[in-house]
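Structure at a glance
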Amino acid sequence: MRQIVLKIHSRCNLSCDYCYVYESVDQSWRAQPTTMSAATLERIAQRIDEHARDHDLRDLRVVLHGGEPLLAGHDGIEAALRAIRDAFPPTRFAMQTNGILIDERFLAIFHKYGVSVGVSVDGGPAATDRHRRYANGRGSYDRIAAGIALLMRPEHAAVYGGLLCTIDVDNDPDEVFDGLLAFRPPQVDLLLPHGNWTNPPPGIPAAEPAAGQDRPIPYAEWLIRVFDRWYEHRPVETNTRIRLFESIMARLFGLPSATESIGGESPGVITVETDGSYEQSDALKTTTAGGPATGLGVAGQRFDDVLDHLATAAPYRLSAACRACPVVKVCGGGLRAHRYAAGTGFDNPSVFCADLLALINHIGGRVRADLEQPAVVSQ
């Protein structure tokens, strides 16, 4: 096991219309306890200690997630971090939050436990408030920006992990990139909106599953705009890393990817819900009711048990079209949830196949052209 995604709180203080937890086919969150109990946290800590001993682990990453994890409160967050750190001191902590509740007390806790904090924001005010709103329809940008402003202070650089932006092709890519850069993030994750062949993402027409060379590529066109600007102007304009682009470049050279959406997936990441049940990736909530469920939990099963289950009950086999594709070693078939179609399951290319192909070919062309340039030697 490489990473645990810990659902410390199952509810959220926003009502984003594209949320894969609350606005998807799977509505299992409704039956989850609001907050992870102390007893469940203690059992998780015991499972981590058990797994670390069995496999002589030197490293493990735990991501506090939700819902909105900061709704667990200062004491709840610190209790979770303390229990896991006591069980396995080398644990590296991260958190994904909407940033609204960040305050000085939370920042002190983040520093104490070395938590790398990522904040979800979609660019500037207009782009962010298009989707990231409160239940009453009011935009959230101002509150999110205030939380990020605290992280941006020099004394908090050690815990400022970066930003996560969900792509909306109706938002201008340059304006979005400018909005993100205004927060001086060390890293940005550009996230394709979750969709599949049965429920296609915005901008991609419904169709039968197929390799997508002849399909529209709105997401590739959007991402290529950002890539060209980022690639051409580093480090003059920004030192910000963009994980999607760096992962594609790494895979072009046979190196590991840093994101599950590129390079193929394998068991090694486990999600633990607030009731202690083990689940697969949250992205599978967009496929079927109970899509991420394993039927296993911390009370009765070890981490090895759930990893064995994922390797056998949920194989990561690629479709024939993917296996025959010239860029499969780079994209790995894309995110597994994006390959889903009612009737054929995951035995399909990604619904973003055409976009991934165009983006990878563009990035590969830029990189190869630079490598073929003769070295310039100053006299």
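A brief structural summary. (Residues numbered from 1 in each chain as written. Predicted model: local features only at pLDDT ≥ 70, side-chain atom pairs only at ≥ 80, totals over all residues. Heavy atoms only, no water.)

Digging into the packing of aromatic side chains
- Summed over all chains, the structure comprises 10 aromatic pairs.
- The structure contains a cluster of three or more aromatic residues connected by ring pairs, namely Phe-227, Trp-230, Tyr-231 and Phe-245.
- We note Arg-336 situated over the ring of Phe-346; from NZ or CZ to the ring centre the distance is 4.0 Å. (Phe/Tyr/Trp six-rings, centres within 6.5 Å; stacked < 30°, edge-to-face > 60°. Lys NZ or Arg CZ within 6 Å of the ring centre and 35° of its normal.)

Points about helix H8 (residues 243-252)
- Those residues of H8 that sit buried are Leu-244, Phe-245, Ser-247, Ile-248, Met-249 and Ala-250.
- Buried residues in H8 make contact with strand E6 (187-191), helix H7 (218-233), strand E7 (241-242), helix H11 (328-331) and helix H12 (353-372).
- In the segment just after H8, Gly-254 is the residue with positive phi, at about 75°. (Buried < 20%, exposed > 50% of the residue type's maximum accessible area, 1.4 Å probe, protein only. Helix = DSSP H or I, 4+ residues; strand = E, 2+ residues; numbered from the N terminus. Contact = heavy atoms within 4.5 Å.)

Digging into the pattern of salt bridges
- Taken as a whole, this structure holds 24 salt bridges when the rule is applied.
- The closest approach of N and O atoms between Arg-241 and Glu-246, which form a salt bridge, is 2.8 Å.
- A salt bridge links Glu-279 to Lys-285; the shortest N-O distance between them is 3.4 Å. Here Glu-279 matches Lys-285 in class, with each residue buried. (Salt bridge = Lys/Arg side-chain N within 4 Å of Asp/Glu carboxyl O.)

Topic: empty space enclosed by the protein
- Scanning the entire structure with this criterion turns up three cavities of 30 Å³ or more.
- Roughly 60 Å³ of volume is contained in the largest cavity.
- Taken together, Lys-7, Ser-10, Val-21, Trp-29, Gln-32, Gly-66, Gly-67, Glu-273 and Lys-285 make up the lining of the largest cavity.
- A per-class count over the lining of the largest cavity returns two nonpolar, four polar and three charged. (1 Å grid on protein atoms, 1.4 Å probe; cavity = no way out; pocket = protein on both sides within 12 Å on 5 of 7 lines; lining within 4 Å. Points joined across faces, edges and corners; volume = space filled by probe spheres on them. Nonpolar A, V, L, I, M, F, W, Y, C, P; charged D, E, K, R; others polar.)

Section: the nonpolar core
- Counting residues in hydrophobic clusters, the biggest one holds 98 residues, and the most contacted among them are Leu-6, Ile-77, Leu-190 and Phe-245.
- If you tally residues by element for this core, the top one is H7, at nine residues. (Core = buried A, V, L, I, M, F, W, Y, C linked by side-chain atoms within 4.5 Å.)

Description of the pairing of strand E1 (residues 3-7)
- Burial within E1 is extensive, with five of its five residues counted as buried.
- Alternating positions in E1 separate into two faces, Gln-3, Val-5 and Lys-7 on one and Ile-4 and Leu-6 on the other, with burial throughout.
- Across five bridges, the pairing between E1 and strand E2 (residues 60-65) is parallel. Residue pairing for E2: Leu-6 is matched across the bridge by Leu-64.
- As for the winding sense of the linkage, the β-α-β connection from E1 through helix H1 (residues 38-55) to E2 is right-handed.
- In the sheet, E1 pairs with strand E8 (residues 269-272) via four bridges, with the strands oriented parallel. (Pairing = 2+ DSSP bridges. Right-handed = clockwise from strand over helix to strand, strands pointing away.)

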